[in-house]
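Close look at the chain arrangement
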Amino acid sequence: MADMDGFKEAVNFGVGQTASDTGFHVKGASCMSWGMKDRLSRIFNPKTGRTVMLAFDHGFIMGPTSGLERIDLNIVPLVQYADCLMCTRGILRTSIPANVNKPVCLRSDAGSTILTELNRNVLIDVEDAIRCNASAMAVMFSAGDGEQEAITAANLVRAVDLGNRYGIPVMGVTAVGKQMARDARYFALASRVCAENGASIVKTYYCDGFEKIAASCPVPVVIAGGKKLPELEALELCYKAINDGAAGVDMGRNVFQSESPAAMIQAVHAVVHDGLTPEQAFQLFEELANK
Ligand code: R5P
């Protein structure tokens, strides 16, 4: 009977189905191992199937990014409102208390800084990700970016192989696409390639036609926030992404560079998990910010 149920889940799974159709709340994960499912369930809330990841890994490329100069003051107070933390192992070990009890999507590749062309990224040792108790490993994929495409594809594939060995999902991080238009065609290609190579989550960007990106990707897609926007616009971005099929956000600057970061992450949470409209969420933001 158990086998038949598993078979039914496998047959039922398909692009465009909701997570609940597959018997597991994370898209594309119904046939995964227990450990993978457990880790994905720590990231994606089983009640809503969605996540609010707080991204603060920017320093590995940009150094002390505005709003991230003091992780203890800027980020630690926000951790309680996030479903998942996305950061490097250096910041995790030095600046995040180990008793916050939040899943970590560990930035698991490294490369050049903003001072040099992004190239020749390398993967960290998966055993170190295990020591950090990572719930997922985040690895960049640079589609259409010359030699960097092959290097990042190799990192992604290697991370998936090692992640499968130890039950750790990989989040494919689609690069911005330097030479290409930042459009749905590009991000749909990059997202699908990440999933085809075994990523269990894809991080990409919102753009016109986003519903096609989400529908043609067989795993959950979360959106980065990108450059700082006025709060209402950032909340509109979240709302449109969720409406168009995103399973959540992996947001950084629009939270930690907000005039009130704690209010902003709570407003984003309300859009993602509670279905607030941008206007309702902005009102919540203002109320919390003025407290
Ligand atoms: C960039 O270095 C990282 O991948 C960020 O985690 C990602 O871009 C999300 O941050 P933001 O919302 O600031 O774009």
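In this report, we go over the structure that sits alongside the text. (Residues numbered from 1 in each chain as written. Predicted model: local features only at pLDDT ≥ 70, side-chain atom pairs only at ≥ 80, totals over all residues. Heavy atoms only, no water.)

**Section: the pairing of strand E8 (residues 201-204)**
Covered by surrounding structure in E8 are Ile201 and Lys203 together with Val202 and Thr204, the residues of both alternating faces. Sheet topology note: the strand E7 (residues 170-174)/E8 ladder contains three bridges and is parallel. Bridge assignment links Gly172 to a residue of E8, and that residue is Val202. Both E8 and strand E9 (residues 221-224) contribute to a ladder of three bridges, which runs parallel. Within the sheet, the bridge partner assigned to Val202 lies in E9 and is Val221. Each parallel crossover has a hand, and the one from E8 via helix H9 (residues 210-215) to E9 is right-handed. (Buried < 20%, exposed > 50% of the residue type's maximum accessible area, 1.4 Å probe, protein only. Helix = DSSP H or I, 4+ residues; strand = E, 2+ residues; numbered from the N terminus. Pairing = 2+ DSSP bridges. Right-handed = clockwise from strand over helix to strand, strands pointing away.)

**Observations regarding the layout of surface pockets**
Its boundaries defined by the atoms lining it, the largest pocket holds a volume of some 780 Å³. Along the wall of the largest pocket there are 34 residues; nearest its centre are Ile61, Met62, Val176, Tyr205 and Arg253. Among the elements of the structure, helix H3 (59-62), E7 and strand E10 (248-251) are those that each provide at least two residues to the lining of the largest pocket. Considering each element in turn, the lining of the largest pocket owes the most residues, three residues, to H3. By residue class, the composition of the lining of the largest pocket is 15 nonpolar, nine polar and ten charged. (1 Å grid on protein atoms, 1.4 Å probe; cavity = no way out; pocket = protein on both sides within 12 Å on 5 of 7 lines; lining within 4 Å. Points joined across faces, edges and corners; volume = space filled by probe spheres on them. Nonpolar A, V, L, I, M, F, W, Y, C, P; charged D, E, K, R; others polar.)

**Let's talk about the pattern of salt bridges**
Taken as a whole and assessed by the stated rule, the structure comprises nine salt bridges. Notably, a salt bridge pairs Asp128 with Arg131, separated by 3.0 Å at the nearest N-O pair. Residue Asp128 and its partner Arg131 are located together in helix H6 (residues 126-131), separated by three residues, close to a single helical turn. Across the pair Glu196 and Arg192 runs a salt bridge, and its minimum N-O distance is 2.7 Å. A residue pair is termed a helical-turn pair when its members lie 3 or 4 positions apart in one helix, as Glu196 and Arg192 do in helix H8 (residues 184-196) at four residues. With relative accessibility at 57%, the residue Glu196 sits in the exposed group. Several salt bridges converge on common partners, so that one network encompasses Arg89, Arg93, Asp128 and Arg131. (Salt bridge = Lys/Arg side-chain N within 4 Å of Asp/Glu carboxyl O.)

**Here we look at the site of the ligand**
In the neighbourhood of the ligand, 14 residues make up the surrounding shell, with Asp57, His58, Lys203, Gly252 and Arg253 lying closest. In the model, an oxygen atom of the ligand is placed 2.8 Å from a nitrogen or oxygen of the Lys203 side chain. Between Gly252 and the ligand, the recorded distance is 2.8 Å, taken from a backbone N or O atom to an oxygen atom. Across the complex, the protein chains shield 93% of the 360 Å² of accessible surface that the ligand would expose by itself. Assessed atom by atom at 2 Å from the grid points, the ligand resides in the largest pocket. (Near = heavy atom within 4 Å. Polar contact = N/O pair within 3.5 Å; in protein donor to acceptor, adjacent residues only side chain to side chain. Areas by Shrake-Rupley, 256 points an atom, 1.4 Å probe, with all protein chains shown as cover. Sits in = over half its atoms within 2 Å of the grid points.)

**A short note on the sheet that holds E8**
Spatially, eight strands are ordered E1-E2-E3-E6-E7-E8-E9-E10 in a closed barrel, and the strand pairing comes out parallel. Recorded for the sheet is a direction-independent mean angle of 25° between the axes of neighbouring strands. Of the pairings in the sheet, the one linking strand E1 (residues 51-55) to strand E2 (residues 84-87) comprises three bridges and is parallel in character. Bridge pairing in E2 links Ala55 to Met86. Sheet contacts for helix H10 (residues 231-243): E9 and E10; angle to E10, the most-contacted strand, approximately 140°. (Axes fitted to C-alpha atoms, helices over the stretch in contact; angles between N-to-C directions. Contact = heavy atoms within 4.5 Å.)

**Considering the nonpolar core**
Counting residues in each nonpolar core, the largest one holds 70 residues, and the members touching the most others are Phe56, Ile75 and Val268. Setting aside residues up to four positions removed in sequence, Ile75 forms contacts with Leu54, Phe56, Leu68, Arg70, Ile96 and Phe256. Membership of the second largest hydrophobic core comes to 20 residues, among which are Met53, Ala55, Met86 and Met140. (Core = buried A, V, L, I, M, F, W, Y, C linked by side-chain atoms within 4.5 Å.)

**A few points about the environment of Ile168**
Along the chain, Ile168 turns up in the loop between helix H7 (147-166) and E7. For the pair Ile168 and Arg253, spaced 85 residues apart in the sequence, the C-alpha separation amounts to 27 Å. In contact with Ile168, other than residues within four places in its own chain, are Met36, Arg39, Ile130, Ala134, Ser135, Ala136, Met137 and Gly163.

**A word on the packing of aromatic side chains**
As enumerated under the stated definition, the model contains four aromatic pairs in all. Relative to Phe285, the ring of Phe282 lies with its centre 5.9 Å away and its plane at 20°, an arrangement referred to as stacked. Note that Phe282 and Phe285 are positioned in helix H13 (residues 278-289) at a spacing of three residues, about one turn of the helix. Relative accessible area serves as the criterion here: at 3%, Phe285 is assigned to the buried category. Cluster of aromatic residues (ring-pair linked, three or more members): Tyr186, Phe187 and Tyr205. The cationic tip of Lys37 hangs over the ring face of Phe24; the distance from NZ or CZ to the ring centre is 5.1 Å. Between Arg182 and the ring centre of Tyr205, over which it is positioned, the NZ or CZ distance is 4.2 Å. (Phe/Tyr/Trp six-rings, centres within 6.5 Å; stacked < 30°, edge-to-face > 60°. Lys NZ or Arg CZ within 6 Å of the ring centre and 35° of its normal.)

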